[in-house]
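Descriptive structure summary
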Amino acid sequence: MKNRSLIASTAISGLLALGLATSANAAQDGAKEKCYGVAKAAQNDCAANGHSCQGQAKTDNDPAEWKYLPKGECEPAGGKTSAPGSSM
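What comes next concerns the included structure. (Residues numbered from 1 in each chain as written. Predicted model: local features only at pLDDT ≥ 70, side-chain atom pairs only at ≥ 80, totals over all residues. Heavy atoms only, no water.)

**Here's the deal with the overall build of the protein**
On a plain count of helices and strands, the protein comes out with 1 helix and 2 strands. Here the protein holds 88 residues, and the buried ones make up 19% of them. Contacts in the protein between residues at least 24 apart in sequence constitute 51% of all its contacts with a sequence separation of at least 6. As displayed, the protein has an accessible area near 6400 Å², and 58% of this comes from carbon and sulfur atoms. (Helix = DSSP H or I, 4+ residues; strand = E, 2+ residues; numbered from the N terminus. Buried < 20%, exposed > 50% of the residue type's maximum accessible area, 1.4 Å probe, protein only. Contact = heavy atoms within 4.5 Å. Areas by Shrake-Rupley, 256 points an atom, 1.4 Å probe, with all protein chains shown as cover.)

See the structure below:
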């Protein structure tokens, strides 16, 4: 009986830990924004500028390339939170 109790409490603890880790990741993802003009060559986060994949930026700090940064850190890093030519 003690074995069953130990297995059950271990399983419950594992599920609780997994839930907390998932919540932390979701909160972290929600606190990011696209930052244009700060991505280094081959370090952009997604499609832009005529290509369809991350990591394909050809030059450093291209204003059309973007990278996710924590919310509020884009402009201090020298970037913009809106795409070039957009009215945002």
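**Describing the packing of aromatic side chains**
In the structure shown here, the tally under the stated rule is 1 aromatic pair. One residue, K34, lies across the ring of W66, its end atom 4.5 Å from the ring centre. (Phe/Tyr/Trp six-rings, centres within 6.5 Å; stacked < 30°, edge-to-face > 60°. Lys NZ or Arg CZ within 6 Å of the ring centre and 35° of its normal.)

**Examining the side chain of E33**
Examined against the element boundaries, E33 turns out to sit in strand β1 (residues 32–36). Apart from the residues within four sequence positions on either side, E33 is in contact with K67, Y68, L69, P70, K71, G72, E73, C74 and T81.

**Let's talk about the state of the cysteines**
What the rule picks out here adds up to 1 disulfide. Each disulfide pairs two cysteine sulfurs, and for C35 the partner residue is C74, the sulfurs being separated by 2.0 Å. With the S-S dihedral at roughly 80°, the linkage between C35 and C74 falls on the right-handed side. With a gap of 39 residues between them, C35 in strand β1 and C74 in the segment after β2 (66–70) connect regions that are remote in the sequence. For C74, a relative accessible area of 0% gives the class buried. With no disulfide of its own, C46 has C53 as its nearest cysteine by sulfur position, at a separation of 8.1 Å. (Disulfide = S-S within 2.5 Å.)

**Some thoughts on unusual backbone geometry**
One non-glycine residue, A42, lies in positive phi territory at about 65°. Along the chain, A42 falls in the loop between β1 and β2. The class for A42 is partly exposed, based on a relative accessible area of 47%. Located in the positive-phi region is N61, a residue other than glycine, with phi close to 55°. Secondary-structure assignment places N61 in the loop between β1 and β2.

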